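Survey of secondary and tertiary structure
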Amino acid sequence: MEFTNSECLMGGVSVSELAREFGTPLYVYEEELIRKRFRSFRDAIPYRPLRLLYACKANSNLELMRVLLDEGCGIDACSPGEVFFAIEAGCKPQDVMLTGSNITDAQIAMVRHYDVLINMDSVTQLERYGAAYPGTECSLRINPEIGAGAHEHVVTGGPNVKFGIMHDRLPEALGIARLHNLKVVGVHMHIGSNILNHEPFIEAAKVFLESVRLLPDLRFVDLGGGFGVPYGPGQQGADLKEFGKAVSGLFEGFCKDYGRELALVFENGRYYVAQAGHLLVRVVDVKKTRTHVFVGTDSGFTHLIRPALYEAHHEVVNCTRRDSRPIEASVVGNVCETGDYFARHRNIPEPFPGDILSIENAGAYGYAMASPYNGWPRPAEVMVASGKARLIRSRESYEDLLRGQREIINIAYPWGETKQPESQ
Ligand SMILES: Cc1ncc(COP(=O)(O)O)c(C=O)c1O
């Protein structure tokens, strides 16, 4: 986002124009920033061959995925649905990997149909897979029993989380693989999300690499994703240059001992897309109580749940009125829940009804976690680049929300037509 004297611009397009053309609430993504973030990670890691996947759980909009595919990225999927999205976005099956949790046999069959490599999350999954597809290739997700992350809900390594094969059970996994003549071509770890400091990452990688030496057929080692972005004031991202040097040195040493050069894989989601995304919301009401000023907007936790779920900080910018007197306010939404807020007790230029606010750093785990709770349709999504905006997902309609019901229970339209009214 940049500011001229009178305007707030995203990808060279004015925010007021975006709101006028596409309505609010609206997700806006800056294409150039996605590309820049991807390149900054790639260029910080000197080790080659390096393979970068995008964890599309962060944001699985197909056009956004295409921007990253165009940069040479592959896709890390966490469900058969995301495998489907990746293929639909144009990713080659060999550039997709599935790292799921509690995937059924039927779902495995669907993913095998696409010829996509699967990361086994448990020894029992490996057993099921081996019995059904003997002689094929697979990869193993290992839990190095070290975790990290900005909130306990996003720590995915360690003894108390459900993910991966505990590293001390690796010999058992190897036995199962041998029994079914499976070729374990890759190993994977992912210790958590929104990590702002690379030390736990290196510490976990050491334990992990130590435990995977005994696997004879490796082609790649995937160290996961999880690199964070600074959301709040005073936060800083990890020092990627330092990390790049440390991890490359560690991995070169590993490959030397292993006797073969392997591909090093990372699968970030948030790092590439969080900062490129803005959720534009319109102020509907300003309510002053004895203790609060509530700035009520036309969106809510249905569209960005991170503040309610993780108490996450998102900066709020008043795009309409940047220079008005700052007031302390809580920016809230239209959901019937007290926990429905974007920001609490924040100093922002005093907002008035009709103003457009931008909720910042909303590109990751924003739309991807949105829901139609309370009957609020999901927003449209727009990509901006070089002064132009293109719609990359239409706004949901009320009719969309009834999909799957109208056909079955034959609901009548109260307005007596076959189409919903124009305004929502
Ligand atoms: C297996 C796996 N890989 C990659 C990611 C991406 O994490 P992030 O968006 O923090 O980079 C996640 C997120 O939880 C994950 O579970």
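All of these numbers come straight from a predicted model, not from anything done at the bench.

The next subject is the site of the ligand. Close contacts around the ligand come from 19 residues, with A55, S193, G225, G269 and R270 the closest. Put simply, the parts of the chain that give the shell around the ligand at least two residues each are β13 (263-268) and α10 (270-273). The residue makeup of the shell around the ligand, split by class, is five nonpolar, ten polar and four charged.

Okay, unusual backbone geometry next. Looking along the chain, the bond that leaves T24 and enters P25 is cis, with omega of -10°. As for its placement among the helices and strands, P25 is situated in the loop between α1 (15-22) and β4 (26-30). Backbone torsion omega between R48 and P49 reads 5°, so that peptide bond is classified as cis. Looking at the element boundaries, P49 is found in the loop between α2 (31-44) and β5 (50-55). Although it is not a glycine, N102 adopts a positive phi angle of roughly 55°. By the element assignment, N102 lies in the loop between β7 (96-99) and α5 (105-113).

A common way to report how large an interface is uses the accessible area buried once the components associate. We note that the domain assignment places domain 1 (2-28 + 283-401) and domain 2 (45-273) within the protein chain. Taken together, the contacts link 14 residues of domain 1 with 15 residues of domain 2. Elements with a contribution of two residues or more to the side of domain 1 that touches domain 2: β20 (380-385) and β21 (388-393). In the side of domain 1 that touches domain 2, the residues fall into eight nonpolar, four polar and two charged.

What counts, and at which threshold
Residues numbered from 1 in each chain as written. Predicted model: local features only at pLDDT ≥ 70, side-chain atom pairs only at ≥ 80, totals over all residues. Near = placed C-beta within 6 Å. Helix = DSSP H or I, 4+ residues; strand = E, 2+ residues; numbered from the N terminus. Nonpolar A, V, L, I, M, F, W, Y, C, P; charged D, E, K, R; others polar. Domains from an automatic or database assignment. Contact = placed C-beta atoms within 7 Å.

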